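# Fold and geometry: a report
Residues per chain, in single letters:
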Amino acid sequence: MLEISNLNTHFPTSRGLVKAVAGVDFLLEPGRIVGLVGESGCGKSMTLLSILRLVPYPGRLSGQIWFEGRDLLQESPAAMRRVRGRAIAMVFQDPMTTLNPVFRVGEQIRESLRIHGLVGRAPARAQREMVLSLMEEVGIPSPSARYHQYPHEFSGGMQQRALMAIALACQPKVLLADEPTTALDVTIQAQILDLLRHINRQRKTAMVLVTHDLAVASEFCHEIAVMYAGRLVEIGPTREVIYHPAHPYTRGLLGSIPRITRERARLSPIPGNVPDLAGLAATCAFAPRCAEALPRCREEDPGLCDAGPGHTARCLRLKGGG
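Quick summary incoming for the structure in this document.

What counts as what
Residues numbered from 1 in each chain as written. Predicted model: local features only at pLDDT ≥ 70, side-chain atom pairs only at ≥ 80, totals over all residues. Heavy atoms only, no water. Helix = DSSP H or I, 4+ residues; strand = E, 2+ residues; numbered from the N terminus. Rg over C-alpha atoms; globule rule 2.2 N^0.38 Å. Buried < 20%, exposed > 50% of the residue type's maximum accessible area, 1.4 Å probe, protein only. Contact = heavy atoms within 4.5 Å. Areas by Shrake-Rupley, 256 points an atom, 1.4 Å probe, with all protein chains shown as cover. Lys, Arg positive; Asp, Glu negative; His and termini not counted. Charge placed at Lys NZ, Arg CZ, Asp CG, Glu CD. Axes fitted to C-alpha atoms, helices over the stretch in contact; angles between N-to-C directions. Parallel < 35°, antiparallel > 145°, perpendicular 65-115°, else oblique. Nonpolar A, V, L, I, M, F, W, Y, C, P; charged D, E, K, R; others polar.

Right, let's talk about the overall build of the protein chain for a bit. A count of helical and extended segments in the protein chain gives eleven helices and twelve strands. Relative to the globule expectation of 20 Å for 322 residues, the C-alpha radius of gyration of the protein chain, 21 Å, shows essentially globular dimensions. Seen along its three principal axes, the alpha-carbon backbone of the protein chain occupies a region of about 70 × 55 × 40 Å. For the protein chain, with 322 residues in total, the buried portion stands at 49%. Put simply, 63% of the contacts in the protein chain that link residues at least 6 apart link residues at least 24 apart. On the protein chain, roughly 15800 Å² of surface is accessible, and the fraction owed to carbon and sulfur atoms is 51%. The positive charge centre, built from 37 side chains, and the negative charge centre, built from 30, are 3 Å apart in the protein chain.

Below is the structure:
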């Protein structure tokens, strides 16, 4: 469905070249969900923006993004406008800054249908019925009344559902979800994730879910891709990554998750700080924080190495290096 090959997103700055996304490769199969996991600032959201070519100036893109036999990085701006929303849709992180505060929610959903020519010359009543059906599908209660309300009259969870209705309006084949449960309470988070799971199963929509929560990814995703400092450091089937993590950073993330057990135990935080992405060397970016680092780790980047069936990790120890 979607193949990302050597994707790079760089920003020239006065401090040097910031490699926000550095050589990312992954596949999204039809009907599958890939979880993109990592700390804040590691490049997860920028990866999604790069797929849709929404990277802000002066960002520079290179690599290949294959979708239905064509490289999206080679498409014209007009062609990309036809892709965005219709073939590949995105649910952004903060609905309050994404929804237009001066337009009614129902009209914002209808606009997506109109822009992509899915309502044609249908009468206004028929267009409204299409929008109400979408609002009902994503779980917005009393859609007839909610149609005429403004975003500030919606709760955070309802705003997120409205964004999903906009994203799903054109029945996209791929849905990019950028931390859709951020700032929502636990109950609403579960409802939003259940809705996304329902969409995946009923519509067979392939998804990329960005999250900093490995627990969420383990319950929701078919595959997990772990990012650190703009690079993928591990990718594989969810069960393999969770139960047999091959990269020290993934093991560090798992060790930082609180567990409800009868025995009291201290968390094991990852020491040190996230590296500055400006002028980052082409070596293992995690080496300064890694308790398992080898001398060679500060000298070279091993690339993704085999860690099992469909499972790879960026670690010299997988090469048997010493």
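Read on, since the account is not over.
Moving on, we get to unusual backbone geometry. The omega torsion of the bond from Tyr 57 to Pro 58 falls at 5°, within 30 degrees of zero and hence cis. Its place among the elements puts Pro 58 in the loop between helix H1 (44-51) and strand E4 (60-67). A positive phi is found at Glu 68, a non-glycine position, where the angle reads about 50°. Here Glu 68 lies in the loop between E4 and strand E5 (70-71). For Glu 68, a relative accessible area of 45% translates into the label partly exposed.

Next up on the list: the packing of helix H4 (residues 105-115) against helix H5 (residues 124-137). One way to put it is that H4 packs onto H5 with a least axis distance of 9 Å and a crossing angle of 110°. Viewed along their axes, H4 and H5 adopt a mutual orientation that is roughly perpendicular. For the pair H4 and H5, contact is made by Gly 106, Ile 109, Arg 110 and Leu 113 and by Gln 127, Met 130, Val 131, Leu 134 and Met 135, respectively. Here the residues of the contact of H4 with H5 are counted per class, giving six nonpolar, two polar and one charged.

By themselves, these figures tell us nothing about what the structure is for.
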